[in-house]
Amino acid sequence: MGTHVHAIRILHTTFGIFGNVFGILLFLAPMITFKRIIMKKSTEKFSGVPYLMSLFNCLFSAWYGLPFVSPNNTLLTVLASIGGALEAIYVLIFLIFAPKKEKFKISGILFVVLSIFSIVALVSVLTLHGNKRKLLCGLAFAITCIMMFGAPLTVMRLVIKSKSVEYMPFFLSLSIFNSSTSWAIYGLLGKDPFVIVPNAIGSLLACVQLILYAIYRDNKKKLNVVMEGSIETRLGKPQNERQKNMEASQLDYEL
């Protein structure tokens, strides 16, 4: 019995480490987008909302993983702390280079995000104990996690409608699948439904994205040929300009 429990603990830690590795890669993905923003000193048509939602989730993930909230979830706090720091940097860069109207919008959402987190954290520490504290923080963590994983739904709809994976990067979908699957298994081994449910949903959504990619990947080349023929002929745009526009659209999807 003792050997069995020890083996589960080792597996629990192992999948937590896998989750951290895949999660950090996922959080590093938007660096390409922000390198572009810094070089051009403009946010162009990129949206700052996905990074705010990721920051929102990281705050609750880090809080939920603390020992006095939920035992044996320290690895969750480690990843969320790293991710939260990166997302905060992304949001700060966005605020620096965004137009005035967008700055007000992002600042307002950021204020709401920090206010909600502060209220939940204070209530959980000052008025709740034990399982009640874990329940409140676990629900907040799960909800924000599902919100973050639900963001690509609009892109999936675009893929089905256009029958092209042009705007759904393969490696981003694969990273989400690897990360969420690792954390779902981590939750199963730790018998933690607040970790299992949102990550299982994230794994399922990422799996659907990979299936869509397998179905429509051959259409990507066809779309490129059609666009090259129609756009360049009608509008006279150089090929390198067309590629830059497509790259900008693809980068806008990244988290």
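Residues numbered from 1 in each chain as written. Predicted model: local features only at pLDDT ≥ 70, side-chain atom pairs only at ≥ 80, totals over all residues. Heavy atoms only, no water.

Some details on the UniProt feature "transmembrane region" (unreviewed entry) in the protein
When the UniProt feature table is mapped to this numbering, "transmembrane region" (unreviewed entry) covers residues 6–28, 49–69, 75–97, 109–129, 135–155, 167–189 and 195–216. From the first C-alpha to the last, residues 49–69 spans 28 Å; its make-up is 76% helix and 0% strand. (UniProt positions renumbered as here; feature names shortened; annotations may be inferred. Helix = DSSP H or I, 4+ residues; strand = E, 2+ residues; numbered from the N terminus.)

Let's talk about the confidence of the model for the protein
Averaged over all residues, the pLDDT of the protein equals 83, while 84% of them reach at least 70. Across residues 225–239, confidence stays below pLDDT 50; counting only partners more than four residues off in sequence or on other chains, it has 13 contacts. Low pLDDT, under 50, characterises residues 244–255; the stretch is placed with 36 contacts to residues that sit more than four places away or in other chains. (pLDDT = per-residue confidence, 0-100. Contact = heavy atoms within 4.5 Å.)

A word on helix α8 (residues 170–189)
For α8, which comprises 20 residues, the first-to-last C-alpha distance of 29 Å matches the rise-based estimate of 28 Å (1.5 Å per residue) to within 8%. Along α8, the positions that sit buried rather than exposed are Leu172, Ser173, Ser175, Ile176, Ser179, Ser180, Ser182, Trp183, Ala184, Tyr186 and Gly187. (Expected span 1.5 Å × (residues − 1). Buried < 20%, exposed > 50% of the residue type's maximum accessible area, 1.4 Å probe, protein only.)

Observations concerning helix α5 (residues 100–126)
Compared with the 39 Å implied by 1.5 Å per residue over 27 residues, the 38 Å span of α5 between its first and last C-alpha is a close match. Regarding α5, the residues found buried are Glu102, Ile106, Leu110, Val113, Phe117, Val120, Ala121 and Ser124. In the core, the buried residues of α5 are packed alongside α3 (49–64), α4 (74–97) and α6 (130–150).

As for the nonpolar core
Core analysis: the largest hydrophobic core is formed by 43 residues, its most contacted members being Phe34, Phe60, Tyr64, Val91, Phe94 and Phe141. Within the residue set of this core, elements represented by two or more residues are α1 (2–28), α2 (31–40), α3, α4, α5, α6, α8 and α9 (193–235). Ignoring sequence-local partners within four residues, the contact set of phenylalanine 34 consists of Tyr51, Tyr90, Ile93 and Phe94. In this structure, Met156, Val165, Met168 and Tyr216 belong to the second largest nonpolar core, which totals eight residues. (Core = buried A, V, L, I, M, F, W, Y, C linked by side-chain atoms within 4.5 Å.)

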